[in-house]
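Structural features, examined
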Amino acid sequence: MKKNRITLLTAALVVFYLLILIGWHLYDPTTGFTEAVPGADNRPEGHARKADDVLIGEFFMKEEGIVSPNELKGEWPCFRGAHHDNKVVYAKGPSLIKDDFKDVWTVTTGEGHASPVISEGKVYVLDYDEQLSSDVLRCFDLPTGKPLWRRWYRVPMKRNHGFSRTIPAIWHDLVVTIGPEGHVMCCNKHTGDLQWTIDMKKRFGTEIPFWYTGQCPFIDNDALVLAPAGKDTLMIGVDVQSGKTLWGTPNSIGYKMSHSSVMPMTFAGTPTYVYVGVGGVCGVNAQSGQQGKLLWSATKWQPSVVAPSPLQISPNQVFLVAGYGAGGALLQVTQTGSTWKAEILDAYKAAEGMSSEQQTPIIYDGRLITILPKDGGGMRERLAMYMPNNIHTPIWTSSADERFGLGPYMMIGNMLFAFKEDGELFVFHVNAQSMTLLKRQRVMEEGIDAWGPLAYADGYLIVRDSKTIKCLKVFEE
């Protein structure tokens, strides 16, 4: 009897679970659903968006709070300053070097090495917000560091020694940026209003370098000069006001984009845009009415990674440097009639002469100043000074405990401000044959990868490491 009850109970459970299983297979969870067809969400025609579409500059926010107007007029409008030489001729007021430079304000950033520009008492920097997966152009008040506005656009990326690396360019009332993935954006510098955009990858087929775009926008008169180094186009000129293409240089030499920036130079009276791409160095005509013609190129020296920009050291010579074992080279450009010739006169490894891995050297009073790279032998990472006629033997180097890694440096008057990559600031007086250390101040307690170039205006020096921007008061202007 007991055995029969167990058998019946087992059979009932089997039937019960069998019915559940059958019901689960027969049940349609989509009953009552309506098919989503194109246009059902009332989205305007042409507004469909793919997952990888980047709408440059699509978002904007004006920051809260009132900032008092300031009367500052100083300018640091682009990479290496207004004259592309990383120098301020003189400061208007006395140096505050006797005491510690005052830490005026601090701003936290996304991880990167992009540095700011300064214009009319405002600071502009292209940041990357990891939470939003977005490039962000941020505007701050120079005296206070208070945020004024930001414009951003979503562009998901993976961290690779940070994200942003480029420096904006100011032209009258406009500010132009290039994002890590080659997105060009132009905004009104006062209001943040979007003016125009260019996607270099989509438009030119640009192959973005492994460590993202390092090329900084360069504006010559009213033309933004870019080197997309795409399949068909090497260089272009863009009207800054409208974003319309003014001229283009065919990429007949097959260069690819590097981390270096276009630099203006003059050879034999001809204004020239000089660019070091992956593949070699070239010169493009910058003469009004003749812009865009490829004048010359040289492929004997072609490092696979180039960060520093070319530096003209004489009427017909250009100094070239790169890291990762490339060292340095001396290029000579000559013209005979209508024929141009560019040849590498000297090329050497980093331990054999003047070189640099990340920062572009400075020319000051006929001398060359650099920070030697990590593969620079016994003088690695030291400040060094050379004469242009002997780039193999320095006339001075900093001491063994004054090594700067990949840190930046700039001249203000006759003083060199050098920022060690761990966040320590050094100030040297530059003499005819040497430098004298004037000041050494810890600016960031735990600075990490302080590689971004310095910016200066109105007595304020702006420095940064990979996650922090600081403003210091260094002159009383």
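Being a predicted model, the structure only gives us computed values, none of them experimental. (Residues numbered from 1 in each chain as written. Predicted model: local features only at pLDDT ≥ 70, side-chain atom pairs only at ≥ 80, totals over all residues. Heavy atoms only, no water.)

**Digging into the side chain of Asn 70**
Convention followed: Runs of E in the DSSP output that reach at least two residues are strands. Runs of H or I that reach at least four are helices, and both are numbered from the N terminus. Pairs of N or O atoms within 3.5 Å make up the polar contacts considered here, provided that, within protein, one atom can donate a hydrogen while the other can accept it, and that residues adjacent in sequence are counted only when both atoms are side-chain atoms. A contact between two residues is defined here by any heavy atoms of the two lying within 4.5 Å.
One can find Asn 70 in the loop between β1 (59–62) and β2 (75–76). A polar contact of 3.4 Å, which involves the side chain of Asn 70, links it to the backbone oxygen of Gly 121. Among all residues touching Asn 70, those that are not within four sequence positions of it are Glu 120, Gly 121, Lys 122, Asp 141 and Pro 143.

**Re the pairing of strand β14 (residues 223–226)**
Where we set the bar: Here the term buried applies to any residue with accessible area under 20% of the maximum for its type, exposed to any over 50%, and partly exposed to those in between, with areas from a 1.4 Å probe on protein chains only. In this analysis, strands are considered paired if DSSP registers two or more bridges between them.
By the alternation rule, side chains of β14 split into Ala 223 and Val 225 and Leu 224 and Leu 226, which are all buried. Connecting β14 to the next strand, strand β15 (residues 233–239), in antiparallel fashion are six residues, including Ala 229 with a positive phi near 45 degrees.

**Notes on the sheet that holds strand β10 (residues 174–178)**
As a reminder of what qualifies: Lines fitted to C-alpha atoms define the axes here, with helix axes fitted over just the stretch in contact, and angles between the N-to-C directions of these axes take values from 0 to 180 degrees.
With antiparallel pairing, the four strands of this open sheet are ordered in space as β9-β10-β11-β12. Sheet topology places β9 (169–171) and β12 (194–199) at the edges, where each strand pairs with a single neighbour. Averaged over all neighbouring strand pairs, the angle between strand axes comes to 15 degrees, with direction disregarded. Note: β10 against strand β11 (residues 183–188), five bridges, orientation antiparallel. Its bridge partner being in β11, Val 175 is matched across the sheet by Cys 187.

**Some words on the sheet that holds strand β29 (residues 409–412)**
The strands making up a sheet associate through hydrogen bonds between their backbones, and the pairing can be parallel or antiparallel. Strand order in the open sheet formed by five strands is β3-β29-β30-β31-β32, with mixed pairing between adjacent strands. At either margin of the open sheet sits one strand with a lone partner, and together these are β3 (87–88) and β32 (435–442). One ladder, built from two bridges, connects β3 with β29; its direction is parallel. Bridging from a neighbouring strand, Lys 87 pairs with Met 411 of β29.

**A look at the pattern of salt bridges**
Here is the rule: For salt bridges, the criterion is a side-chain nitrogen of Lys or Arg within 4 Å of an Asp or Glu carboxyl oxygen.
A full pass over the atoms with the stated rule returns 17 salt bridges. Its salt-bridge partner being Arg 150, residue Glu 63 comes within 2.9 Å of it at the nearest N-O pair. Within this pair, whereas Glu 63 is found in the loop between β1 and β2, its partner Arg 150 is found in strand β8 (residues 147–154), the two being separated by 87 residues in sequence. Like Arg 150, Glu 63 is buried. Across the pair Arg 138 and Asp 127 runs a salt bridge, and its minimum N-O distance is 2.8 Å. Here Arg 138, found in strand β7 (residues 134–141), pairs with Asp 127, found in strand β6 (residues 122–129); they are eleven residues apart in sequence, far enough to count as distant. With respect to class, Arg 138 is no different from Asp 127; both count as buried. Salt bridges here are not isolated pairs; linked through shared partners, they connect Asp 401, Lys 420, Asp 422, Glu 424, Arg 440 and Arg 442.

Purely geometric stuff here, so don't read any function into it on its own.
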